[in-house]
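Examination of the molecular architecture
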Amino acid sequence: MKFFGVKNLRVSTKEGKEILSGVDFEINKSETVVLIGPNGAGKSTVAGAIMGDGRFITSGSVKFLGEEILSLPVSERAKKGIFMSFQNPVEVPGITTTEMIRSVLEDKRGGFVLLDEVREGISENAKKLGTNIWFSERELNVGFSGGEKKKNEILQMLALSPKLVILDEIDSGLDVDASTRISKILRDYQKESGCSYLIITHNMRVLRHLEPTRAILMKEGSVYAVGDQKMLKTVEKNGFKAFFEQISEKGVK
Amino acid sequence: MKGLTKELVLGLSQRKKEPVWVRNLRLSGLKAWGKLEMPKWAPDISELKLDEIETYVKPEMEMVSSWEEVPNEIRKTFDELGIPEAEKEGLAGVGAQYDSETIYHNLKREVEKQGVVYLPIEEALRDKKYAKIVKEHFMKLVLPDEHKFAALHAAVFSGGSFIYVPPFTEVEVPLQSYYRLNAPGAGQFEHTLIIVDEGANLHFIEGCSAPKYNVANLHAGAVEIFVNKNAHMKFSTVESWSKNMYNLNTKRAIVEEGGEIEWVTGSFGSKVTMLYPMTILAGTGAKCEYTGVTFAGKGQIIDNGAKVVHAAPNTCSTINTKSLSRDDGVSISRTLANILPGAVGAKAFIDCKSLILNGGAKAEAMPEVRVGEMDAEAAHEASVGKISEEALYYLMSRGLSEEKARTLIVRGFTSEISKELPVEYAMEMNNLIRMEMEGTA
């Protein structure tokens, strides 16, 4: 059974504007795949379509652990083990991260979960992240800085133990030290859980401690090239434009 | 006894062995009822037929001060509401009313020793020991002729509590009165009179509920609170009425120099609610803080809010309302801060937030500030919104079903109120919100 596969994924807005015009790729278990491409290439749309962003109209197929998930509600996808770290985490006033996670765990286990139990787990992870437990006792993302929001996404990811993690620009807003720290945390979590990553990023720092097996380069709503670490390095060095030109000269794709 | 007649009013007075001044007060209420018109600025309550309301329903027991003596049927109701349990665990005293009469009243001995008085209102009205203080305060804040339902209340009030906290007395745990309206088609008209003397501190909790019937019920109680110099009063309410109830309650407080009142209100259920606790800040530096949450579900009109009159310098008030509505429910948040000339340095702030949970529901915020003093500050904010799709998506992406995600967002919206309530009431409130969201309330 394939771990995760996207086939001929097409996405358009409700107004009928096409964003993705048939995307195909696969992710294996415990693999780290990096999704790159210039702004507007459709990377976040891929992430959103996998998670179930209601603003999109989708067609094609997204299979996770052998099951078609494209028509499932967002929460069902999450329950199956998909987690997405948002590019812009949403502020939810009046409830704390701890309370939110408690609700999710209660739902999962079908019984009462003590807040203290949730706190214990979070406090350990918060230490690794270099933040305090009070961080998760604040109202969910309300008034958080960009970096704090991203750290909070990682805290939630660790608390929910997902199998497939989509990180949409986890490093934007993070300082150098925090990026490195998160890279290590991601590595450790992968070792421990065997999870897979789909990482959308413009910055290779967050990949430092990870071993990306493949890079998918997107352009104008479809997959332009699939490569390895070498492609990542070339793009990082010369930029997308030079890369596209080089490839079109060679006439390969 | 149905409707409102002179015979009924006199009979009630006689049965309660009231002093003449109380009987006369009832008669003046009756007279005013005949003259006053139904409020025209408010929701339509023309379906309420007073002639069909049982204005007095006597439970089949006399008042006791031990739960053991309460007949099983009634005891069961209060057990289910958790009242005897709550009393054991952390209340200084409890009063329980069933339909028109107080059936249970008890004050912990140590609190009684502090000089705190907590009595059924009828006893306080009869008792010579309290005659002077009661007469000086009873229906002096809520006048028998000031509006239609105050008049009705004056004429047929029955049950309720009298509380007096002596100067500089700290009542460390809350007192609670619980009002249960169990008889179909009946009215409940309890009267609560609270005097917190100089420098004293009290937390009073009022709970109300009623089972479901097909006929209209009416609640027209009155609460009068006197907060003396430097005293502090917290008045918490969780009301959970059935959907056939007209909840037309009148609550009012007057706060003297340096005193403070906090209102915390959770208003659920009823067919129509019209309730606007009013605070008169009469002394320099007096303060009022009002926090309230309401929920208007199918077929409900919840017209709720607060009023504050700044009648002295450096007085300060905050009104914070949160209203929820769903289906065809209508939620109106009506608030007023009135700064009178001479209230130099007064500050008033109103914030009304409404959340519409689905398509057909309506919400309206009507914050009003009147500033009659140049050297004063007043501000208000109001917003009506829907549950954000973004927030729903975010929470659902964590594994919460849409319904659970909505409930969590709503709980967040109302968290300022639940934080102010004792934990078991906060839980009850969250539970009521959940039931309303599920449509099972």
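Residues numbered from 1 in each chain as written. Chains lettered and ligands numbered in written order. Predicted model: local features only at pLDDT ≥ 70, side-chain atom pairs only at ≥ 80, totals over all residues. Heavy atoms only, no water.

1. Some words on the overall build of chain B
Inclusion rule: Numbering of helices and strands runs from the N terminus; a helix is a DSSP stretch of H or I covering at least four residues, while a strand is a stretch of E covering at least two. A radius of gyration in this sense is built from C-alpha atoms; the matching globule rule multiplies 2.2 Å by the number of residues raised to 0.38. Two residues qualify as a contact provided that any one of their heavy atoms is within 4.5 Å of a heavy atom in the partner residue. We get accessible surface area from the Shrake-Rupley algorithm with a probe of 1.4 Å; when it comes to residues, only the shown protein chains can shield them. Charge counting follows a simple rule: Lys and Arg are positive, Asp and Glu are negative, and His as well as the terminal groups are ignored. Where a charge lies is defined by one atom per residue type, namely NZ (Lys), CZ (Arg), CG (Asp) and CD (Glu).
Helices and strands together make up the secondary structure of chain B, namely 12 helices and 23 strands. In terms of C-alpha radius of gyration, chain B reaches 21 Å, essentially the compact-globule figure of 22 Å for 441 residues. Its C-alpha atoms give chain B principal-axis dimensions of about 65 × 55 × 45 Å. Contacts spanning at least 24 positions in sequence make up 82% of the contacts within chain B whose residues lie at least 6 apart. A total of about 17,100 Å² of accessible surface is found on chain B, and carbon and sulfur atoms cover 50% of it. In chain B, which carries 50 positive and 61 negative side-chain charges, the distance between the mean positions of the two groups comes to 3 Å.

2. Describing the domain arrangement of chain A
All names here are of chain A. Which entries qualify depends on this criterion: Per the annotation, domain bounds derive from an automatic or database assignment of domains. Two parts placed together each lose some accessible area under a 1.4 Å probe, and the buried area is that loss summed for both. Salt bridges are defined as contacts in which a side-chain nitrogen from Lys or Arg sits within 4 Å of a carboxyl oxygen from Asp or Glu. By the convention adopted, Pro, Cys, Tyr, Trp, Phe, Met, Ile, Leu, Val and Ala count as nonpolar, Lys, Arg, Asp and Glu as charged, and the other residues, Gly among them, as polar.
For chain A, the domain assignment lists domain 1 (4-87 + 162-250) and domain 2 (90-143). Opposite the 4 residues of domain 1 that make contact, domain 2 presents 4 residues. Summed over both sides, the interface of domain 1 with domain 2 buries roughly 420 Å², with 67% coming from carbon and sulfur. Of all residues in domain 1, the largest losses of buried area upon contact with domain 2 belong to K79, R181 and I185, amounting jointly to 74% of the total for that side. Between the two partners, domain 1 and domain 2, sit 1 salt bridge. A salt bridge links K79 to D107; the nearest nitrogen and oxygen atoms lie 3.4 Å apart. Here the element with the most residues in the side of domain 1 that touches domain 2 is helix α6 (residues 176-193); it accounts for 3 residues. Residues that form the side of domain 1 that touches domain 2 fall into these classes: 2 nonpolar, no polar and 2 charged.

3. Topic: the layout of surface pockets
The gaps left among the atoms become clear once a water-sized probe is rolled over them. Heads up, the condition is: The method works on a 1 Å grid over the protein atoms by themselves. A cavity is a set of points holding a 1.4 Å probe that cannot get out, a pocket is an open set with protein on both sides within 12 Å along at least five of seven lines, and residues with an atom within 4 Å of a point line them. Grid points are joined across faces, edges and corners, and a volume is the space filled by probe spheres set on the points.
Of the voids in this model, the largest pocket is the one considered here, and its volume is about 1,100 Å³. In terms of lining residues, the largest pocket is bounded by 31 residues, among which E99 and R102 of chain A together with R411, M427 and N430 of chain B are the most central. Those elements that provide at least two residues to the lining of the largest pocket are α3 (97-109) of chain A together with α10 (402-413), α11 (415-420) and α12 (423-438) of chain B. The leading source of residues in the lining of the largest pocket is α12 of chain B, at 7 residues. Residues that form the lining of the largest pocket fall into these classes: 11 nonpolar, 8 polar and 12 charged.

4. What about the environment of S177 of chain B?
All names here are of chain B. Relative to the elements of secondary structure, S177 occurs in strand β5 (residues 175-180). Each C-alpha atom of the pair S177 and C208 lies 8.6 Å from the other, and the pair is 31 residues apart in sequence. Discounting residues that sit within four places of it in the chain, S177 has contacts with G95, Y118, S161, F204, I205, E206 and G207.

5. Topic: the packing of helix α4 (residues 115-129) of chain A against helix α5 (residues 146-160) of chain A
All names here are of chain A. Formally: A fitted line through C-alpha atoms serves as each axis, taken over the contacting stretch for helices, and the angle formed by two N-to-C directions is quoted from 0 to 180°. Angles below 35 degrees are treated as roughly parallel, those above 145 as roughly antiparallel, those between 65 and 115 as roughly perpendicular, and all remaining angles as oblique. Handedness of a crossing follows from how the near helix is turned relative to the far one, being left-handed for an anticlockwise turn of less than a right angle and right-handed for a clockwise one.
Put simply, α4 and α5 touch, their axes get as near as 10 Å, and they point 135 degrees apart. The angle between α4 and α5 places the two elements in the oblique class. The handedness of the crossing between α4 and α5 comes out as right-handed. Contacts from I122, N125, A126 and L129 of α4 reach α5 at K151, I154, L155, L158 and A159. For the contact of α4 with α5, the class distribution of residues is 7 nonpolar, 1 polar and 1 charged.

6. Brief notes about the pattern of salt bridges
In the structure shown here, the tally under the stated rule is 37 salt bridges over all chains. Between E136 of chain B and K132 of chain B there is a salt bridge, and its shortest N-O distance comes to 3.1 Å. Of this pair, E136 of chain B and K132 of chain B are both found in helix α7 (residues 131-137), 4 residues apart, which corresponds to roughly one turn of the helix. Measuring nitrogen to oxygen at the nearest pair gives 2.8 Å for the salt bridge that ties K322 of chain B to E416 of chain B. Of the two residues, K322 of chain B is situated in strand β19 (residues 316-325) and E416 of chain B in helix α11; the sequence distance between them amounts to 94 residues. When salt bridges that share partners are traced, they join E76, K79 and D107 of chain A together with K404 of chain B into one network.

7. A look at unusual backbone geometry
Selection rule: Working definition: with a 1.4 Å probe on protein chains only, accessible area under 20% of the residue-type maximum means buried, over 50% means exposed, and in between means partly exposed.
Positive phi outside glycine occurs at E220 of chain A, with the angle close to 45 degrees. Assignment of secondary structure puts E220 of chain A in the loop between β9 (214-219) and β10 (222-227). Notably, D327 of chain B is not glycine yet its phi reads approximately 50 degrees, a positive angle. Mapping D327 of chain B onto the fold places it in the loop between β19 and β20 (330-339). The class of D327 of chain B is partly exposed, set by a relative accessible area of 24%.

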